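The chain contents come next:
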Amino acid sequence: FCSQSGAESAQEAGMGDEADDLFNVAMLIDELKNENVQLRLNSIRRLTTIASALGAERTRSELIPFLTDSNDDEDECLLAIAEEMGNLIPKVGGPEHVHCLLAPLENLATVEETVVREKAVDAACKVGKSMNEEGIHEHYIPMVQRLANGDWFTARVSACGMFAVAYQKCAASKTELRRGLQQTFSKLCCDETPMVRRAAAQHLGTFAAVCETEYVKTEIMALFQQLTTDEQDSVRLLAVEDCAALGRLLPKEECVFEVVPIVKKFAADKSWRVRYQVARQLYELCESIGKDLARTELLPSYEQLLMDNEAEVRIASASKVSSFCTLVGAEAAATKIIPRVKELASDASQHVRAALASVIMGLAPTLGKVQTIDQLLPIFLVLLKDEFPEVRLNIISKLDQVNQVIGVDLLSQELLPAIKDLAEDIHWRGRLAIIEYIPLLASQMGTAFLFQKTSGAKEEQLNNLCLQWLSDRVYSIREAAAVNLQKLTEVFGSEWARTHILPHVIDLLGNPHYLYRMTMVKALTLLAGAVGQEVCMRDVMPALKTASRDKVPNVRFSVAKAFGEVASAVDASVVEGEIKPILFEMEQDADADVRFYATQSLQMCENKLRVA
């Protein structure tokens with residue numbers, strides 16, 4: 001396997017004059033053996049190019065054996081080889097030859113680095129799925145058996161992930177091979193090494209999905225029962241994930257008899273990690289057994305998880321509140337879940353409250369108008385007053401769900417103080433997040449919401465905040481504030497903007513700091529496209545003309561860019577008569593950047609005129 005023969009092969013394949021390409025491939029081949037890790041890595045990532053140049057036969061006879069015998073000890077290189085092996089499937093000559101890729105993958109499946117092994121298993125499964133029955137029987141299954149009986153635990157761990165493909169592709173007539181796979185998998189579930197039992201538990205559900213129903217009911221369920229009582233909580237933790245998978249495979253009656261009792265036991269497990277996993281998986285199992293059985297069998301366990309001692313478990317449970325209420329129905333939700341939700345609304349952990357706030361609005365459609373007003377509204381108000389900004393933000397971001405049921409008028413008095421606090425949050429990302437929700441709130445609640453006054457206030461708090469954000473010390477906030485004004489104008493119309501927004505923005509063009517003046521130019525540019533040509537000509541254009549003579553070049557080139565964008569929002573006559581003369585004048589500016597952007601905007605104007 002050498003670069004010279006690779007070049008000759010490429011030439012024979014009709015690539016004679018493409019000397020550069022031949023040389024590049026030859027270099028890649030040489031670099032596979034280079035001592036420099038980065039060069040080897042670059043070459044490995046182009047294995048498909050090398051394989052294409054060599055052709056299928058030489059790829060099988062030279063490239064793959066070279067990769068198999070490679071003693072590279074760099075994990076990064078091994079990972080890259082594992083990632084590329086799946087891409088070589090079309091390069092080895094069809095399904096009857098794909099098995100040649102298994103040899104290097106078998107080696108990679110035994111290394112110590114977990115990431116490399118996982119990627120090798122993924123590639124081996126991909127190879128197995130592309131193999132014909134003969135290849136599966138003669139090459140794939142023997143490889144799986146070798147790995148499963150390996151002396152070192154890493155091989156046995158990798159084998160667990162390949163059983164599903166091996167069993168699924170094995171012909172039904174090959175009963176001995178199938179039985180052998182079943183027995184070997186059972187042995188892995190009882191392996192003395194916890195890491196192997198963990199891997200077996202992790203893949204039990206996928207293996208069961210390709211097995212016969214009777215085998216699932218007997219052998220698989222026995223293995224499942226065994227894994228659920230494992231002394232290692234990491235094994236039990238992964239067995240939890242099998243509950244929902246097995247629940248979908250078994251008839252409802254057997255699921256209730258076999259799986260549900262285990263879930264109930266897991267919900268009270270001594271390890272909080274196991275309980276956390278149950279909280280994440282419980283809804284999927286409830287879906288598989290149906291709402292009636294979920295209501296009678298698993299709802300008490302869910303209540304228990306909502307009151308768990310560990311905050312992480314309560315967070316996982318709280319995030320499923322809306323889904324559970326929808327599943328079990330309004331009556332059960334009101335009597336069983338809502339009392340627990342009320343407790344969570346004042347939970348000691350801010351993260352629990354935030355998780356609850358992100359989903360609680362989804363309860364409104366399930367409970368209906370009366371129950372929402374009686375039971376949920378007080379909880380909403382508590383969360384809107386929460387000291388933690390993320391909690392308040394999560395409530396505000398989902399108001400549309402409540403609006404569909406009861407409207408938001410009942411919340412409007414509490415909304416303004418919550419929004420004001422978020423608008424003045426010391427963390428700029430908190431301020432940015434609330435800005436993005438203002439147009440949605442305004443569209444739902446109308447202009448009266450924007451001009452609402454808090455008790456004792458002389459001015460409209462929210463409208464002033466929208467303008468105050470334009471002078472924020474953080475650029476991202478100022479930019480978002482300008483976009484916010486554009487969206488509000490699209491909701492309420494040009495006359496509203498002309499009366500309540502434009503006068504303030506134009507006044508702020510006189511700000512002594514040039515960065516803020518640049519923000520106002522940006523805001524005027526965005527508003528120009530939203531207010532229509534009449535308001536644009538009457539208010540926006542004069543302000544931009546004044547700004548074009550600003551003493552700071554940064555402001556002037558912002559104006560030059562702005563005119564190019566404004567040109568797309570006005571008629572051709574305005575472009576010709578108003579915008580182009582200003583840009584011609586700016587092309588003579590002393591500053592190079594101003595001249596550059598003026599020329600660029602003039603080109604945009606010409607494009608506009610050509611289209612017109």
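Treat the numbers as computed from the prediction; the structure is a model and nothing was measured.

For the protein chain, the helix and strand inventory stands at 38 helices and 0 strands. For 612 residues, the compact-globule estimate of 2.2 N^0.38 gives 25 Å, and the C-alpha radius of gyration of the protein chain, at 33 Å, exceeds that figure by more than 25%. Along the first, second and third principal axes, the C-alpha set of the protein chain runs to 85 × 80 × 40 Å. Looking at the protein chain as a whole, 52% of its 612 residues are labelled buried. Contacts in the protein chain between residues at least 24 apart in sequence constitute 67% of all its contacts with a sequence separation of at least 6. Summed over its atoms, the accessible surface of the protein chain is roughly 27,300 Å², and 48% of this surface lies on carbon and sulfur atoms.

Let's shift gears to a negative patch on the surface. On the surface, a cluster of negative charge is contributed by D73, E74, D75, E76, E112 and E113. Secondary-structure assignment places E74 in the loop between helix 5 (56–69) and helix 6 (75–85). Residue classification places E74 among the partly exposed residues on the basis of a relative accessible area of 33%.

This next bit is on helix 38 (residues 592–611). Here helix 38 is 20 residues long and its end C-alpha atoms lie 29 Å apart, about the 28 Å a rise of 1.5 Å per residue gives. Within the sequence span of helix 38, burial applies to V594, A598, S601, L602 and C605. All buried residues of helix 38 project into a common sector of 110° when viewed along the axis, lining one side. When the buried face of helix 38 is taken as reference, the exposed residues oriented beyond 90 degrees from it are R610 and V611. Contact partners of the buried residues in helix 38: helix 36 (553–566) and helix 37 (572–586). Capping of helix 38 at its N-terminal end is provided by D591; its side-chain oxygen lies 2.9 Å from the backbone amide nitrogen of D593.

Take the packing of helix 31 (residues 475–492) against helix 34 (residues 514–531) next. Interaxial distance between helix 31 and helix 34 falls to 9 Å at its minimum, and their mutual angle equals 20°. Taken together, the axis directions place helix 31 and helix 34 in an arrangement best described as roughly parallel. The interaxial crossing formed by helix 31 with helix 34 has right-handed handedness. Residues R478, A482, V483, L485, Q486, T489 and E490 of helix 31 pack against L515, Y516, T519, K522, A523, L526, L527, A530 and V531 of helix 34.

The next thing to look at is the packing of aromatic side chains. According to the stated counting rule, one finds 11 aromatic pairs in the structure shown. Between W152 and F153, the aromatic rings sit 5.4 Å apart at their centres with planes inclined by 50°, giving tilted as the arrangement. Look at F153 and you get partly exposed, because its relative accessible area is 21%. On the numbers, 5.2 Å between centres and 55° between planes, the contact of F492 with W496 is tilted. The ring of Y167 is capped by R178, whose NZ or CZ atom sits 4.4 Å from the centre of that ring. Over the ring of F266 we find K265, and its NZ or CZ is 5.9 Å from the ring centre.

Let us now look at the layout of surface pockets. The computed volume of the largest pocket comes to approximately 450 Å³. Mapped by element, the contributors of at least two residues to the lining of the largest pocket are helix 8 (114–130), helix 10 (153–160) and helix 13 (194–210). The element that contributes the greatest number of residues to the lining of the largest pocket is helix 8, accounting for 6 residues. Among the residues making up the lining of the largest pocket, the classes are represented as 7 nonpolar, 5 polar and 5 charged. Taken as a whole, the second largest pocket spans an internal volume of roughly 300 Å³. Y475, M518, K522, S558 and K561 are the residues nearest the centre of the second largest pocket, which is lined by 14 residues in total.

What follows concerns the packing of helix 17 (residues 260–267) against helix 18 (residues 272–289). In a packed pair of helices, the relevant descriptors are the angle between the two axes and the axis-to-axis distance. Contact pair helix 17 / helix 18: the axes reach a minimum separation of 9 Å and the direction vectors enclose 150°. As the angle between them shows, helix 17 and helix 18 are arranged roughly antiparallel. For the crossing formed where helix 17 meets helix 18, the hand is left-handed. Contacts between helix 17 and helix 18 involve V260, V263, F266 and A267 from the first element and V274, R275, V278, L282, L285 and I289 from the second.

This part is about helix 21 (residues 321–328). Most of helix 21 is tucked away, with 6 of its 8 residues classed as buried. Here the buried face of helix 21 lies against helix 18, helix 19 (291–306), helix 20 (311–318), helix 22 (330–344), helix 23 (350–359) and helix 24 (364–384). Positioned one or two residues after helix 21, G329 has a phi angle of 95°, which is positive.

Turning next to the confidence of the model for the protein chain. Across the protein chain, the average pLDDT comes to 84, with 90% of residues at or above 70. Confidence drops under pLDDT 50 across residues 454–459; counting only partners more than four residues distant or on other chains, this segment forms 5 contacts.

Below, the discussion takes up the side chain of D242. Considering the arrangement of structural elements, one finds D242 in helix 15 (residues 233–249). Nearest to the buried, unbridged D242 among oppositely charged side chains is R248, at 8.8 Å. In contact with D242, not counting residues within four places along its chain, are A201, Q202, L204, G205 and F224.

This part covers the pattern of salt bridges. A side chain of one charge can pair with a side chain of the opposite charge if their charged atoms are brought near each other. Considering all chains together, one arrives at 25 salt bridges under this definition. Across the pair E214 and K217 runs a salt bridge whose closest N-O atoms are separated by 3.8 Å. Of this pair, E214 and K217 both sit in helix 14 (residues 213–228), 3 residues apart, roughly one helical turn. K217 sits in the partly exposed class, given a relative accessible area of 24%. R236 is paired through a salt bridge with D269; the nearest N and O atoms lie 3.0 Å apart. Of this pair, R236 sits in helix 15 while D269 sits in the loop between helix 17 and helix 18, placing them 33 residues apart in sequence.

Conventions used here
Residues numbered from 1 in each chain as written. Predicted model: local features only at pLDDT ≥ 70, side-chain atom pairs only at ≥ 80, totals over all residues. Heavy atoms only, no water. Helix = DSSP H or I, 4+ residues; strand = E, 2+ residues; numbered from the N terminus. Rg over C-alpha atoms; globule rule 2.2 N^0.38 Å. Buried < 20%, exposed > 50% of the residue type's maximum accessible area, 1.4 Å probe, protein only. Contact = heavy atoms within 4.5 Å. Areas by Shrake-Rupley, 256 points an atom, 1.4 Å probe, with all protein chains shown as cover. Patch = residues over 30% accessible without salt bridge, like charges linked within 9 Å, V, L, I, M, F, W, Y side chains within 5 Å. Salt bridge = Lys/Arg side-chain N within 4 Å of Asp/Glu carboxyl O. Lys, Arg positive; Asp, Glu negative; His and termini not counted. Charge placed at Lys NZ, Arg CZ, Asp CG, Glu CD. Expected span 1.5 Å × (residues − 1). Arc of directions from axis to C-beta. Polar contact = N/O pair within 3.5 Å; in protein donor to acceptor, adjacent residues only side chain to side chain. Axes fitted to C-alpha atoms, helices over the stretch in contact; angles between N-to-C directions. Parallel < 35°, antiparallel > 145°, perpendicular 65-115°, else oblique. Left-handed = near helix turned anticlockwise from the far one by under 90°. Phe/Tyr/Trp six-rings, centres within 6.5 Å; stacked < 30°, edge-to-face > 60°. Lys NZ or Arg CZ within 6 Å of the ring centre and 35° of its normal. 1 Å grid on protein atoms, 1.4 Å probe; cavity = no way out; pocket = protein on both sides within 12 Å on 5 of 7 lines; lining within 4 Å. Points joined across faces, edges and corners; volume = space filled by probe spheres on them. Nonpolar A, V, L, I, M, F, W, Y, C, P; charged D, E, K, R; others polar. pLDDT = per-residue confidence, 0-100.

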